[in-house]
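# Structural description and commentary
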Amino acid sequence: MKYDHTLFLADDWKDYQLLDSGEGLKFERFGSQKVVRPDPQAFWMPQQPVKSWKADAWFDAKAGDDERGQWRRLNPKAPDDWPMEWKSLKFKARRTPFRHLGVFQEHSVHWAYAMERLKAAPYPTKVLNLFGYTGLMSLACAQAGAEVVHLDASPKSNGFGKEAQQMSGLQDRKIRWIADDAMKFVARENRRGNRYDAIILDPPKFGRGTNGETWKFEEDLPALLDGIVPLLVERPLFVILTAYAVRLSHIALAQALGDRLEPFGGRIEMGEMALPEKKSGRMLPTAICARWSPD
Ligand SMILES: C[S@@+](CC[C@H](N)C(=O)[O-])C[C@H]1O[C@@H](n2cnc3c(N)ncnc32)[C@H](O)[C@@H]1O
């Protein structure tokens, strides 16, 4: 397997901007709304004093857990949800109890990649998007002509995905929105003998399936990778694996994937995903990634 180091920089947004960052915080614009959230990676100095950041809402994390906490609405007119778009995909952003805003904007680098490859395929394609959350990747693949199976344990997230499918005028595209445990679903797909041209996996560090099944990244990923290989067609188009907040390097992720995809040949791009910051030239690292392709 060939391995290439790559920086995956999501610099193709009009409706999102990283305005400033530092002192463990990030100041961002999501469409019409400006928000401040904690980010332990941002331990450099902000461009402007944090107290000068004019935000519509601020996420106060619980002590010792920057995922949980609550939003402080600084602008009383700040809406609960509001429209956003990436290229021609339309969706709603919303403040969630876990500091997320309904979109992982750094994934746009993979949405564009997937669309390009699916559009270039001279035959009907089928894609499996595991841990798909609100489904922007699923919509991108459907817009590029693929039949999509979107899986996430959260029916609520799938609901937001269906809403975005309508908003994006993609209601005629074939997307199956499935709420289930990823490991269980993959085992079932193997028994059924279903095959996919491309698979995307964005597992959390820790998660729960629909019936409380626990998912622990470092423990469960090897078995999940073993399970997805037989689901690939003879000549797959791509496999994208991303990870957040895990005690692993992108090299480890890439080689775990590379081991399993060796029979298909090809190459793996591996590296960090990041967001460019306005004016400063800095970048905010977000996740690590391994991306396999046949060429
Ligand atoms: C990091 S998010 C995925 C973000 C998504 N890839 C995106 O770009 O929008 C992880 C997702 O995994 C889901 N999840 C957690 N445990 C799961 C499990 N055992 N089976 C299926 N989905 C699970 C969560 O509901 C959450 O939406």
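Refer to the structure printed above.
A brief look at the structure comes next. (Residues numbered from 1 in each chain as written. Predicted model: local features only at pLDDT ≥ 70, side-chain atom pairs only at ≥ 80, totals over all residues. Heavy atoms only, no water.)

## Quick notes on helix H2 (residues 136–143)
Residues spaced three or four apart along an α-helix face the same direction, because each turn holds 3.6 residues. The condition is simple: Each residue is placed in one exposure class: buried if its accessible area under a 1.4 Å probe, protein chains only, is under 20% of its type's maximum, exposed if it is over 50%, and partly exposed if it falls in between. In DSSP terms, a helix is any run of H or I states spanning at least four residues, a strand is any run of E spanning at least two, and both are numbered starting from the N terminus.
Among the eight residues in H2, seven count as buried, and that is most of the element. Three or more residues of H2 are buried, namely Leu 136, Met 137, Ser 138, Leu 139, Ala 140, Cys 141 and Ala 142. With its phi angle positive at about 105 degrees, Gly 145 sits one or two positions after the end of H2.

## Structural notes on the environment of Phe 185
Along the chain, Phe 185 turns up in helix H4 (residues 182–192). Exposure remark for Phe 185: the relative accessible area of 1% places this residue in the buried category. Distance in space between the C-alpha atoms of Phe 185 and Trp 58 is 37 Å, their sequence separation being 127 residues.

## A closer look at the site of the ligand
Just so we agree on the cut-off: Proximity is defined per residue: any heavy atom of the residue falling within 4 Å of a molecule or strand makes that residue near it. A 3.5 Å cut-off defines polar contacts: any pair of N or O atoms within that distance qualifies, except that in protein one atom must be a possible hydrogen donor and the other a possible acceptor, and neighbouring residues in sequence count only when both atoms are side-chain atoms. In these tables, accessible area is a Shrake-Rupley quantity obtained with a 1.4 Å probe, and a residue counts as shielded only by the protein chains included in the view. Throughout, the ten residues Ala, Val, Leu, Ile, Met, Phe, Trp, Tyr, Cys and Pro are labelled nonpolar, Asp, Glu, Lys and Arg are labelled charged, and all others, Gly among them, are labelled polar.
The immediate surroundings of the ligand are formed by 18 residues, with Asp 152, Ala 153, Asp 181, Ala 182 and Asp 202 found nearest. Between the ligand and Asp 202 there is a distance of 2.6 Å, counted from a nitrogen atom to a side-chain nitrogen or oxygen. Gly 209 has a polar backbone atom sitting 3.4 Å from a nitrogen atom of the ligand. About the coverage of the ligand: the protein hides 89% of its 600 Å² of free accessible area. Taken together, the residues that form the shell around the ligand break down as eight nonpolar, five polar and five charged.

## Description of empty space enclosed by the protein
Under the convention used in this document: Put simply, the grid is 1 Å and covers the protein atoms alone, a cavity is a trapped set of points that fit a 1.4 Å probe, a pocket is an open set with protein on both sides within 12 Å along at least five of seven lines, and lining residues have an atom within 4 Å of a point. Grid points are joined across faces, edges and corners, and a volume is the space filled by probe spheres set on the points.
Tallying each qualifying case throughout the model produces two cavities of 30 Å³ or more. Estimates place the volume of the largest cavity at around 180 Å³. Taken together, 17 residues make up the lining of the largest cavity; nearest its centre are His 107, Trp 111, Gly 132, Met 137 and Asp 202. Every element with two or more residues in the lining of the largest cavity is listed here: helix H1 (108–120), H2 and strand E16 (238–243). Taken together, the residues that form the lining of the largest cavity break down as nine nonpolar, seven polar and one charged. Empty space within the second largest cavity amounts to approximately 40 Å³. Lining the second largest cavity are Phe 91, Lys 92, Arg 94, Gly 102, Thr 134, Leu 136, Phe 160, Glu 163 and Ala 164. The set of elements that each furnish at least two residues to the lining of the second largest cavity consists of strand E9 (89–94) and helix H3 (155–167). For the lining of the second largest cavity, the per-class residue count stands at four nonpolar, two polar and three charged.

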